[in-house]
Amino acid sequence: MLFSGIGLLDENFDYRTDMFVGVKDGVIAYIGADKPAEDFGEAYPGRGRILMSGVYNAHTHASMTLLRGYAENLALADWLEKKVFPFEKKMTLGDVADGALLAVAEMLRFGTVSFSDMYYYNDEFMRVVGETGIKANFSYGVTCFDERGYEQLPAYEISEKLIGQFHNAFEGRMKIDLSIHGEYTSTPRVVKGLAEHAKDRGVRVHTHLSETKKEHEECKQRRGKTPAAYFASLGLFDNPTTAAHCVWLEDADMDLLREYGVTAASCPVSNLKLAGGFARVPQMLERGVRVALGTDGAASNNNLNLFKEIHCFATLFKCSSGDPSAVTPAQALCAATLSGAQAQGRENAGAIKTGAAADLVVLDAQAPHMHPVHQMANNLVFAAQGSDVLLTMVDGKVLYDRGEYKTLDIERVIFNADRAAKSVLTRLS
Ligand SMILES: [Zn+2]
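Residues numbered from 1 in each chain as written. Predicted model: local features only at pLDDT ≥ 70, side-chain atom pairs only at ≥ 80, totals over all residues. Heavy atoms only, no water.

Some words on the overall build of the protein
The helix and strand inventory of the protein stands at 15 helices and 17 strands. Taken over the C-alpha trace, the protein has a radius of gyration of 21 Å; the compact-globule value for 429 residues is 22 Å, and the two agree within 12%. Seen along its three principal axes, the alpha-carbon backbone of the protein occupies a region of about 65 × 45 × 45 Å. Scored against the burial criterion, the 429 residues of the protein give a buried share of 59%. Restricting to contacts in the protein with at least 6 residues of sequence separation, those with at least 24 account for 72%. Surface exposure of the protein reaches about 17000 Å², of which carbon and sulfur atoms provide 50%. (Helix = DSSP H or I, 4+ residues; strand = E, 2+ residues; numbered from the N terminus. Rg over C-alpha atoms; globule rule 2.2 N^0.38 Å. Buried < 20%, exposed > 50% of the residue type's maximum accessible area, 1.4 Å probe, protein only. Contact = heavy atoms within 4.5 Å. Areas by Shrake-Rupley, 256 points an atom, 1.4 Å probe, with all protein chains shown as cover.)

So, in structure tokens, the structure goes:
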């Protein structure tokens, strides 16, 4: 495909108008102001449109779309224990797949090309990723409250099977990570075992870190160190790791994250909704910590719309830090694109440059709220809406184009998800 005469947000987040971008064999093969001599096939008219990197969701629980709007206005403990956990207990693997498919449809609609998911094992989930064409890093969230070793847990075998069968499957779109759900839901023995397993298999790690003040402070009391220091001491961070939330990190924790190259996946909307607190994102960025963006699950957001997250990320932390110059538009866009791709181990992705994966989105530049254009990066962060996305492309394949899904039947997806949510409620009552 040849994007012709299109506005382009380049890898430095500068805006260039009237550009040509040629996509071939899944990668960006040409970028220039002149029409290329080479034939790239179908021409995409770019007038009044903006091309930018697709966005990467660094932390979610896709199948929780079934719980969207189910548990609201509750304290965190009640939200989890009275509503979320009982609902999830009644979900079948079929429900998990129906929820995941709804999540993929929503993500493609809002320009997400890849997502890092932590949930229950499900072959059907793998099929969803395989068939829809989206990219995903999947990890089975390990919890353990007894004295068993990691290799005695069913999760060990499940993860082994997943790695063998699905790591780098679907032309590399699917990656398997290992997940320790969190410090407070596991034991040192299991953390250590999982860290060694990740090292042996050369896979990445995904965890929740210091999401709530309670979790952070209780860890200090229980273990004499912060959750970040605890994980580092058990070797978890010797692996490339994504740590979701990072709301209560202390200065020394941020230094640890930078030192070990851990990515903090900030989920500002979820933290706002569950009153988890305000991550010190400006300080993390200042210290050189890689910060990516996640939506968390749809029960605590309630969208999987990363453009909403970008807006919140770029405004909330100005207020919480008392510094309106904190978190620049370029930093917000970088968190949603390049940093997210890197957090998923997708090295040549997340930016428009020659040779990078053609994970791209086109936005409508003619919407009234996108004018005038003093600096396009400012408009994209502070004015754009997820619904401005016209087209989503993954590895050079168009998966969504102005309301039309190329790889899924949206009416059936919505019908099945509604039916699944209802059937869980029936089993709950
Ligand atoms: Zn989460």
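Section: the nonpolar core
Residues Met174, Leu257, Met284 and Leu380 are the most contacted members of the largest nonpolar core, which totals 121 residues. Built from parts of two domains, this core gets at least three residues from each of domain 1 (2-53 + 351-405) and domain 2 (55-343). If we ignore the near neighbours within four places in the chain, the residues touching Leu257 are Leu209, Ala228, Phe237, Cys246, Leu249, Val262, Ala264 and Val289. Judged by nonpolar contacts, the second largest core, of 19 residues, contains Met1, Phe3, Ile6 and Leu360. (Core = buried A, V, L, I, M, F, W, Y, C linked by side-chain atoms within 4.5 Å. Domains from an automatic or database assignment.)

Looking at the side chain of Glu106
Along the polypeptide, Glu106 turns up in helix 2 (residues 93-109). When its relative accessible area of 10% is taken as the criterion, Glu106 is described as buried. Residues within four places of Glu106 in sequence aside, it is in contact with Thr65, Arg68, Asn303, Leu304 and Asn305.

Points about the coordination of the zinc ion
Distances from the zinc ion to its protein donors, His59 (NE2), His61 (NE2), His208 (NE2) and Asp296 (OD), fall within 2.1 to 2.5 Å. Around the zinc ion, the four donor atoms sit at angles spanning 85 to 168°, and that spread fits a shape best called irregular. Mapping the donors of the zinc ion onto the primary sequence gives the spacing H-x1-H-x146-H-x87-D. The exposure classification of His59 matches that of His61, with both residues buried. (Donors = N, O, S within 2.8 Å, 3.2 Å for Na, K, Ca; no water. Tetrahedral: all angles 85-135°; square planar, octahedral: opposite > 155°, others 65-115°.)

Notes on the domain arrangement of the protein
Where interface size is given, it is often the accessible area lost as the parts come together that is meant. Structurally, the protein comprises domain 1 (2-53 + 351-405) and domain 2 (55-343). Centre-to-centre separation of domain 1 and domain 2, based on C-alpha positions: 28 Å. In this assembly, 25 residues from domain 1 lie in contact with 27 residues from domain 2. Summing the contributions of domain 1 and of domain 2, the shared interface buries around 2200 Å²; its carbon and sulfur component is 70%. The largest per-residue losses of area from domain 1 upon contact with domain 2 belong to Phe13, Val381 and Phe382, which jointly make up 26% of the total buried on that side. Linking domain 1 with domain 2 are two salt bridges. Salt-bridge contacts for Lys135 lead to Asp359; the nearest nitrogen and oxygen are separated by 2.8 Å. Across the contact surface, domain 1 and domain 2 share eight residue pairs in polar contact (both at pLDDT 80 or more). For the side of domain 1 that touches domain 2, the secondary-structure elements that each account for two or more residues are strand 5 (49-53), strand 14 (360-364), helix 14 (376-382), strand 15 (389-394) and strand 16 (397-401). In terms of residue count, the dominant contributor to the side of domain 1 that touches domain 2 is helix 14 (five residues). Tallied by class, the residues present in the side of domain 1 that touches domain 2 amount to 17 nonpolar, six polar and two charged. (Buried area = accessible area lost by both parts, 1.4 Å probe. Salt bridge = Lys/Arg side-chain N within 4 Å of Asp/Glu carboxyl O. Polar contact = N/O pair within 3.5 Å; in protein donor to acceptor, adjacent residues only side chain to side chain. Nonpolar A, V, L, I, M, F, W, Y, C, P; charged D, E, K, R; others polar.)

Quick notes on the pattern of salt bridges
All told, the structure shown has 24 salt bridges when counted by the stated rule. Residue Glu131 is joined to Arg127 by a salt bridge in which the shortest nitrogen-to-oxygen separation is 3.1 Å. Remark: Arg127 and Glu131 occur in helix 3 (residues 123-132); sequence separation between them is four residues, near one turn of the helix. Overall, the relative accessible area of 37% leaves Arg127 in the partly exposed class. Each of Asp251, Asp255, Arg258, Arg280 and Arg287 takes part in one network of salt bridges that share partners.

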